[in-house]
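Here are the chains, one letter per residue:
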Amino acid sequence: MAGDLEFEKPVIELKKKINELREYTKNTEMDLSSEIEKLEARLEKVEKEIYENIKPWDRVSIARHPERPTTLDYISLLFTDFFECHGDRLFGDDEAIVGGIAKFHGLPITVIGHQRGKDTKENIRRNFGMPHPEGYRKALRLMKQAEKFKRPIICFIDTKGAYPGKAAEERGQSEAIARNLFEMAGLKVPVICIVIGEGGSGGALALGVGNHVHMLENSTYSVISPEGAASILWRDASLAKKAAESMKITAPDLKELGIIDEIISEARGGAHRDVNQQAGEINRVLKASLKELSCLSEEELVDHRYKKYKLIGEYTSLNEYIGVN
Amino acid sequence: MLKELFTKTKKKKYATIPSETAKQDVPEGIMTKCPNCKKIMYTKELVKTLKVCFHCGYHHQMNSKERIQSFVDSGSFQELNKGMVSGNPLNFPVYEEKLEKDRKKTHLNEAVVTGVAEIGGMGVVVAIMDASFRMGSMGSVVGEKITLAIEKADELKVPFIIFTASGGARMQEGVLSLMQMAKTSVALKRFSDHGGLIISIMTHPTTGGVSASFASLGDYNFAEPGALIGFAGRRIIEQTIREDLPEDFQTAEFLLKHGQLDAVITRQELRDRIISILEIHQPGGSISWQEI
Ligand SMILES: [Zn+2]
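In this text, all values refer to a predicted model and were calculated from it rather than measured experimentally. (Residues numbered from 1 in each chain as written. Chains lettered and ligands numbered in written order. Predicted model: local features only at pLDDT ≥ 70, side-chain atom pairs only at ≥ 80, totals over all residues. Heavy atoms only, no water.)

**Student:** Which parts of the structure should I look at to understand the overall build of chain A?
**Tutor:** Counting its regular elements, chain A contains 14 helices and eight strands. Along the longest, intermediate and shortest principal axes, the C-alpha atoms of chain A span 80 × 65 × 45 Å. Counting every position in chain A, which comprises 325 residues, the buried fraction comes to 51%. In chain A, of all internal contacts separated by at least 6 residues, the share reaching a separation of at least 24 is 72%. Summing over all exposed atoms, chain A offers an accessible surface of approximately 16,100 Å²; the carbon and sulfur share of this is 53%. Across chain A, the 47 positively charged side chains and the 52 negatively charged ones have centroids separated by 3 Å. (Helix = DSSP H or I, 4+ residues; strand = E, 2+ residues; numbered from the N terminus. Buried < 20%, exposed > 50% of the residue type's maximum accessible area, 1.4 Å probe, protein only. Contact = heavy atoms within 4.5 Å. Areas by Shrake-Rupley, 256 points an atom, 1.4 Å probe, with all protein chains shown as cover. Lys, Arg positive; Asp, Glu negative; His and termini not counted. Charge placed at Lys NZ, Arg CZ, Asp CG, Glu CD.)

Structure follows, in structure tokens:
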């Protein structure tokens, strides 16, 4: 099957073998059922071993899987009456970010997310899910609109990063990202962010200042791509795997660091194996978040977000001041 | 702007407002010639498709009466301030005669019709500009009627929906026209601060002072396909920058691409899509987030 990942190879090979034997028995008198049973038992063991010990780099490859469900996949499975709103009212409409209004269990919400393409053509149109400033400014426009009409905001994060390009710099990529962090801090409605794929740096965080931040089990969230980190740290992008191991980019890592609230479990092998099941898992977590956050007043919501981010960061203090005298 | 829109240009590559002479090519009323594909069709048939050309999809101009009939729930429209008419504040020559002529021609008192209505059973205030009256230009009456409609929406706590169609400011009322931009915007700001929902639907043509005020101030800004929307006139821009402009310049599709519109919506889809948006904005019903 296309899109099989390196670390899954033993599983795939075993499955193939079992299927071959099954086909074979159909056409002969030979009884191979005990052979098949043995292989199935082994498959179960191998699967367990592989999928319960997924390494950070394996998660990177799942998060980047070309068939991994995107924002629009989840929108169509989780919400009704989705109406996509375009444009930042300033410069353009960036299709690397989609957003609009919809209903979740009959109640209004605003949903915004990075959007990758499913094929080359769509990827070119959506710039591989790497936004320009106008994408962030559209997102902010929709967030302010949600605040006006008092509906919760749900953000899906899935980007390699904000687009590093000339035009993006000319139009203020930094300002656009910074503005979103600043304004999201003050939103008087619940904000729930879910990392569904790659959470690439500031370009991801610009949709990520929420009351609750959740991550899909195999998604990643990092200050820079493993390749980028490897090239900066060791001047060798091929050491990406090593960088992935050391950078704390997986959902369990971020949970441990207190940055995210919940890890949303995925089907064995990744969300792309069962999109409906994945939407079901997200639905469950979203519902719980909304129930909890809708009890808070406008002021409490802002305060809740303030405290959440205030707590992030690790440091120690020296007992004695060592001066330079 | 207004004068320019009336001027016939020789190269008609782009959207222009059908001139008086073009309209006379075919027998008035019975037949209509599509300015886009040039096909001639029975007006009766065209009305059945909401005046969208069944050959090429061109959206023919709709007057306010046709718009009300096709958009709001049947029988729900109650007009507001129907009798308001313009004076001649600057004593502008032949202005009164021109107004009188348009009143006779259109059976309207001014270039905007406002009222309370329902759409999909939901209460709204609608304002519909009518380009057949003085090119939909905005003078004191247009500004006042729109402002009163916004205040009505605020009072009733219902959404405000406006269909724009305008050549811009009404020259004969001078700076009073200009100030209608501020007056309507001030009213919209207060309405918006009260949580009011504003939906703007730009139709052909929406230009000048109207595009630079309430037309662009919707929480949702929509336009009909092919509608000409812009601030400055095409020829003025071409003369100023001495460059040829792209063919789709200042069309609804051009604006969508440049971030100014939420969506371009065909006339056939419009009612359903607005109903869907209104439903999302209905004040909280009996269910809450605790009960999902
Ligand atoms: Zn036609």
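**Student:** Explanation requested: the UniProt feature "domain: CoA carboxyltransferase C-terminal" (unreviewed entry) in chain A in the structure shown.
**Tutor:** Within the UniProt annotation, "domain: CoA carboxyltransferase C-terminal" (unreviewed entry) is assigned to residues 35-292 of chain A. For residues 35-292 of chain A, the helix share is 46%, the strand share is 19%, and the end-to-end C-alpha distance is 52 Å. (UniProt positions renumbered as here; feature names shortened; annotations may be inferred.)

**Student:** Would you mind going over the UniProt feature "binding site: Zn(2+)" (unreviewed entry) in chain B with me for this structure?
**Tutor:** All names here are of chain B. UniProt feature "binding site: Zn(2+)" (unreviewed entry): in the numbering of this structure it lies at Cys34, Cys37, Cys53 and Cys56. Annotated residues spanning 23 residues; largest pairwise C-alpha distance 8.8 Å, indicating a single compact cluster. Of note, cysteine 34 is situated in the loop between strand S1 (31-33) and strand S2 (40-42). In contact with cysteine 34, other than residues within four places in its own chain, are Lys39, Met41, Cys53, Cys56, Tyr58 and His60.

**Student:** I'm lost on a nonpolar patch on the surface in this one. Help?
**Tutor:** Residue and element names in this part refer to chain B. Side chains of Leu90, Phe92, Val175, Leu176, Leu178 and Met179 sit close together on the surface and give an oily, nonpolar patch of about 530 Å² of accessible area. By the secondary structure assignment, valine 175 is in helix H7 (residues 174-193). A relative accessible area of 55% places valine 175 in the exposed class. (Patch = residues over 30% accessible without salt bridge, like charges linked within 9 Å, V, L, I, M, F, W, Y side chains within 5 Å. Salt bridge = Lys/Arg side-chain N within 4 Å of Asp/Glu carboxyl O.)

**Student:** Can you walk me through the side chain of B:Ser64 in this structure?
**Tutor:** Tracing the backbone through its elements, the reader meets B:Ser64 in helix H4 (residues 64-71). With sequence-adjacent residues up to four places away left out, B:Ser64 is seen in contact with B:Leu108, B:Val113, B:Ile128 and B:Asp130.

**Student:** Any chance you could explain the pattern of salt bridges here in plain terms?
**Tutor:** Once the charged atoms of two side chains with opposite charge are near each other, the side chains can pair. Residues and elements named next belong to chain A. Evaluated as defined, the whole model comprises 43 salt bridges over all chains. Note that arginine 268 is salt-bridged to glutamate 44, the shortest N-O span being 3.9 Å. Of this pair, arginine 268 sits in the loop between strand S8 (262-264) and helix H13 (275-293) while glutamate 44 sits in helix H2 (residues 33-52), placing them 224 residues apart in sequence. Where arginine 268 meets glutamate 47, a salt bridge forms, and the shortest distance between an N and an O atom there is 3.0 Å. Taken together, the positions of arginine 268 in the loop between S8 and H13 and glutamate 47 in helix H2 put the pair 221 residues apart, joining distant regions of the chain. Take arginine 268: its relative accessible area is 38%, and that puts it in the partly exposed class. One continuous salt-bridge network, built from bridges that share partners, spans Lys15, Glu44, Glu47 and Arg268.

**Student:** Quick question: what am I supposed to make of the interface of chain A and chain B here?
**Tutor:** Contacts between the two partners involve 32 residues from chain A, matched on the other side by 30 residues from chain B. With both sides pooled, the region where chain A packs onto chain B buries about 2,500 Å², and carbon together with sulfur makes up 59% of that total. At the junction of chain A and chain B, the tally comes to three salt bridges. Inspection of the region where chain A meets chain B yields 17 residue pairs in polar contact (both at pLDDT 80 or more). Breaking the side of chain A that touches chain B down by element, the ones donating at least two residues are strand S1 (80-84), strand S2 (97-104), strand S3 (107-114), helix H6 (133-148) and H13 of chain A. For the side of chain A that touches chain B, the element with the highest residue contribution is S2(A), accounting for four residues. The residue makeup of the side of chain A that touches chain B, split by class, is 14 nonpolar, seven polar and 11 charged. (Buried area = accessible area lost by both parts, 1.4 Å probe. Polar contact = N/O pair within 3.5 Å; in protein donor to acceptor, adjacent residues only side chain to side chain. Nonpolar A, V, L, I, M, F, W, Y, C, P; charged D, E, K, R; others polar.)

**Student:** Got a minute to help me understand the UniProt feature "zinc finger region: C4-type" (unreviewed entry) in chain B in this structure?
**Tutor:** The UniProt record annotates "zinc finger region: C4-type" (unreviewed entry) at residues 34-56 of chain B. Between the end C-alpha atoms of residues 34-56 of chain B the distance is 9 Å, and the span holds 26% helix and 13% strand.

**Student:** Mind showing me how you'd approach empty space enclosed by the protein here?
**Tutor:** Over the atoms rolls a probe the size of a water molecule, and its path tells where empty space is left. Residue and element names in this part refer to chain B. Evaluated as defined, the whole model comprises two cavities of 30 Å³ or more. Quantified by volume, the second largest cavity comes out at close to 40 Å³. As for the second largest cavity, its lining consists of Met62, Asn63, Arg67, Ile128, Met129, Phe163, Ala165 and Thr203. Of all the elements in the fold, those that place two or more residues in the lining of the second largest cavity are strand S5 (122-129) and strand S6 (160-166). For the lining of the second largest cavity, the class distribution of residues is five nonpolar, two polar and one charged. (1 Å grid on protein atoms, 1.4 Å probe; cavity = no way out; pocket = protein on both sides within 12 Å on 5 of 7 lines; lining within 4 Å. Points joined across faces, edges and corners; volume = space filled by probe spheres on them.)

**Student:** When you look at the packing of aromatic side chains in this model, what are you seeing that I'm missing?
**Tutor:** For any pair of aromatic rings, the description consists of the separation of the ring centres together with the inter-plane angle of the planes. Under the counting rule described, the total for this entry stands at eight aromatic pairs over all chains. Note on A:Phe7 and A:Tyr51: the rings are 6.2 Å apart at their centroids and 85° apart in plane angle, and the pair reads as edge-to-face. Of this pair, A:Phe7 sits in the segment before helix H1 (9-27) while A:Tyr51 sits in helix H2; the two residues are 44 residues apart in sequence, bridging distant segments of the chain. With a relative accessible area of 13%, A:Phe7 lands in the buried category. Aromatic rings pair up to connect A:Phe79, A:Phe104 and B:Trp289 into one cluster. The ring of A:Trp234 is capped by A:Lys242, whose NZ or CZ atom sits 4.1 Å from the centre of that ring. (Phe/Tyr/Trp six-rings, centres within 6.5 Å; stacked < 30°, edge-to-face > 60°. Lys NZ or Arg CZ within 6 Å of the ring centre and 35° of its normal.)

**Student:** Could you clarify how one ought to interpret the packing of helix H6 (residues 140-156) of chain B against H7(B) in this entry?
**Tutor:** How two helices sit against one another is set out by the angle between their axes and by the gap between those axes. All names here are of chain B. With their axes 9 Å apart at the nearest point, H6 and H7 run at an angle of 5° to one another. When the interaxial angle is binned, H6 and H7 end up roughly parallel. In contact with Ser140, Gly143, Glu144, Ile146, Thr147, Ile150, Ala153 and Asp154 of H6, H7 contributes Leu176, Gln180, Lys183, Thr184, Ala187, Leu188, Arg190 and Phe191. Residue composition of the contact of H6 with H7, by class: seven nonpolar, five polar and four charged. (Axes fitted to C-alpha atoms, helices over the stretch in contact; angles between N-to-C directions. Parallel < 35°, antiparallel > 145°, perpendicular 65-115°, else oblique.)

**Student:** In this structure, what is going on with the coordination of the zinc ion? I would like to understand it.
**Tutor:** When a metal holds four donors in a tetrahedron, each ideal angle between them is 109.5 degrees; when it holds six in an octahedron, the ideal angles are 90 or 180 degrees. All names here are of chain B. Each protein donor to the zinc ion is listed here as Cys34 (SG), Cys37 (SG), Cys53 (SG) and Cys56 (SG); together their distances run 2.3 to 2.4 Å. The site at the zinc ion holds four donor atoms, and with the angles between them running 105 to 116°, its shape is tetrahedral. For the zinc ion, the donor residues sit on a single chain with the sequence spacing C-x2-C-x15-C-x2-C. Here cysteine 37 falls in the partly exposed class, since its relative accessible area comes to 24%. (Donors = N, O, S within 2.8 Å, 3.2 Å for Na, K, Ca; no water. Tetrahedral: all angles 85-135°; square planar, octahedral: opposite > 155°, others 65-115°.)

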